Amino acid sequence: MEKNELKKSFVRIIIAVVLVLLPALVHNIASAAWISSSFKPVSRYASRALSTLSGLFPFSLAEILLYLLILGTLFYIIFTIVTVIRRKKPAVQLLSCVSRIALTACCLVFVFNMLWGLNYFSLSLAEELNMDVGRYSVEALSLTTASFVEELNAIAGEVPRDHNGVSSYGDFKELSAKAADGWDNLVRSSGAFRNVRVSRPKPLTPMAGEFMSRTGITGIYIPFTGEANINAGVPDSSIPFTMMHELAHSAGVAPENEANFAAFLACRESPHPEFRYSGYLSAFIYSYNALYKEDAEVARELLNRLDERVLADIRYRSEYWKKYEGELQNVGTKVNNTYLMAMRQTSGVKSYGMVVDLLIADYVARNGNPDVDIEPVY
Ligand SMILES: [Zn+2]
C-alpha cells in the first residue's frame, strides 16, 4: 500500500514536470509568426468564450475561484497533517499530499500557457501594426509629450469632476459598459486586432482592491475566466486606461508595454471623453517621466502648460499612491518582476516604461520625424 502510494506520487510529479515543460517546448519550436497567426486567434476565441460564461456572474468569478482554491488547499493540507498524526499514517501520505498540490498547480500553469501565456512569444505589436520603432532624439520625445498636453487641455473640460475639480466618473458599471466602444473602433481601423471582441471589465471587491493598491496593482487579467478585473478603488482618472489595458491582455497582447500602447490606441478611438482623457493622461505621465530624466527643464515647462484641471488629477493620483508607498508595494513590484522575468520579459518592470518608444513611433508616423532632414540643403 505504502509502495503503491509512493509510486503514484512519483507519477504525479513526473506529469507535473511534463506539463510545465510542454509549453516551453512549443514556444521553442514554433515561430513567433506562427504564434501570431495560429495561436493568437484561438486564444482570442477562448477568451471570448470564457468571458461570455463568466459574464453570467455580476461579480469577478476569478476572485471567488481564487478564494475557493486557497481555502481548499489549506483545508487539504490541514486534513492531511491531522490524519497523519491521529491515525499514525505513514509520512508517505504527506508526499502524496504535496504531489497532488504540485500536480494541480502545474495543471493550472499548463492551462494558463495554452490559453494565453504563449502570446508572450508572438510577433511584437509594433511588427503586427507595421510600426517602425527606432531610437529617437529628446526633441521627438518632447514633441510627443507636448502633443499629449494639447489633447489633455482640449478635453479637460469634457470629463465629469467632483467639487474639488478631480475626475469623478460615477458608477463603475456604467463606465465599464462604455469600454468596448473604443475597442470596437480600434478593431475596425486596424487589422492587427481582427477577431477581437472585448467583454465588460469587472470590479474586484473593495477588500481585494485595497490589497492590490497596497501592492501597487491597478488591474489583472485572468485567462482562466477571460475576465478583466479592475481595482475600482484607485483614482477615477486612471480607471478607463486600466480597463483598456486589461482588455488588451484579453485580446492576446501580453507584454506590459504593448498592452499599455494598445490601451492608449483603444482610449484614443473611444467616443467617450473619460476614456480619451484617461488614455492621454497615462500617455502624458509615461512620456513626461522619460523626458524628465533626459531634460528636466523642458519636462517642467510642458507640465506648467497643462490645464489646472489636469494638474488637479495628477496631484490627486500622486497623493493617492503616496499613501500606499512602503514595504508591501516593494514586495508587489518584486513579485510582478519575477513573473515578468519568468515569462522572458527580461527587462522586468522596466518594460512598462518602454511604451514611450511606441508612443513616439506613433507620433512620428502621424506627424513626421523631427530627427530626419526632409529637404537636404546643398
Ligand atoms: Zn498588464
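Owing to the predicted nature of the structure, the values given are computational and were not obtained by experimental measurement.

Cut-offs and rules
- Residues numbered from 1 in each chain as written.
- Predicted model: local features only at pLDDT ≥ 70, side-chain atom pairs only at ≥ 80, totals over all residues.
- Pairing = 2+ DSSP bridges.
- Helix = DSSP H or I, 4+ residues; strand = E, 2+ residues; numbered from the N terminus.
- Contact = placed C-beta atoms within 7 Å.
- Axes fitted to C-alpha atoms, helices over the stretch in contact; angles between N-to-C directions.
- Parallel < 35°, antiparallel > 145°, perpendicular 65-115°, else oblique.
- Left-handed = near helix turned anticlockwise from the far one by under 90°.
- Nonpolar A, V, L, I, M, F, W, Y, C, P; charged D, E, K, R; others polar.
- Expected span 1.5 Å × (residues − 1).
- Buried ≥ 20, exposed ≤ 12 C-beta atoms within 10 Å, placed from the backbone.
- Core = buried A, V, L, I, M, F, W, Y, C linked by C-beta atoms within 7 Å.
- pLDDT = per-residue confidence, 0-100.

Draft legend 1. Highlighting the sheet that holds strand E2 (residues 219-222). Across the sheet, 3 strands lie side by side as E1-E3-E2; this open sheet has mixed pairing. Sheet topology places strand E1 (202-203) and E2 at the edges, where each strand pairs with a single neighbour. Its contacts with the sheet put helix H9 (residues 239-250) on E2 and strand E3 (227-230), and the angle it makes with E3 is roughly 155 degrees.

Draft legend 2. Molecular detail of the packing of H9 against helix H10 (residues 256-268). The N-to-C vectors of H9 and H10 enclose an angle of 120 degrees; their axes lie 8 Å apart at closest approach. On the basis of their axis angle, the class for H9 and H10 is oblique. Of the two possible hands of crossing, H9 and H10 adopt the one that is right-handed. Contacts between H9 and H10 involve Pro 240, Phe 241, Met 244, His 245, Ala 248 and His 249 on the former and, on the latter, Ala 259, Asn 260, Ala 262, Ala 263, Ala 266 and Cys 267. A per-class count over the contact of H9 with H10 returns 9 nonpolar, 3 polar and no charged.

Draft legend 3. Inspection of helix H6 (residues 138-155) at higher detail. The end-to-end C-alpha separation of H6 is 26 Å, in line with the 26 Å expected for 18 residues at 1.5 Å each. Residues of H6 that are buried include every one of Ala 140, Leu 141, Ser 142, Thr 144, Thr 145, Phe 148, Val 149 and Leu 152, and no others. Close packing links the buried residues of H6 with helix H11 (273-294), helix H12 (296-304), helix H13 (308-323) and helix H15 (355-367).

Draft legend 4. Local environment of H9. With 12 residues, H9 ought to run about 16 Å at 1.5 Å a step, and its terminal C-alpha atoms sit 17 Å apart, in line with that. Among all positions in H9, only Ile 239, Pro 240, Phe 241, Thr 242, Met 243, Met 244, His 245, Glu 246, Leu 247, Ala 248, His 249 and Ser 250 are buried. Check the buried side of H9 and you find it contacts helix H2 (32-54), helix H7 (172-189), E2, E3, H10 and H11. Remark: Gly 252 follows H9 within two positions and exhibits a positive phi of approximately 85 degrees.

Draft legend 5. Focus on the nonpolar core. Grouped together as the largest cluster of nonpolar side chains are 71 residues, with contacts concentrated most on Leu 152, Met 244, Leu 247, Ala 262, Ala 263 and Leu 359. When residues of this core are assigned to their parent elements, the largest contribution, 10 residues, is made by H11. Beyond its immediate chain neighbours, meaning those up to four positions away, Leu 359 contacts Thr 144, Phe 261, Phe 264, Ala 283, Tyr 286 and Ser 287.

Draft legend 6. Just the environment of Gly 368, in detail. Mapped onto the elements of the fold, Gly 368 is located in the segment after H15. Gly 368 gets classed as exposed once you count the C-beta atoms within 10 Å, which come to 11. As a C-alpha pair, Gly 368 and Ala 140 span 228 residues in sequence and 9.7 Å in three-dimensional space.

Draft legend 7. Region of the structure containing the confidence of the model for the chain. For the chain, the average pLDDT comes to 89, and 90% of its residues sit at 70 or higher. Per-element averaging of pLDDT across the chain places helix H14 (residues 327-342) at the bottom with 64 and H9 at the top with 97. pLDDT under 50 marks residues 348-352. Its contacts with residues more than four places away, or in other chains, come to 15 contacts. Note that pLDDT drops below 50 for residues 374-378; the model gives that stretch 0 contacts with residues more than four away or on any other chain.

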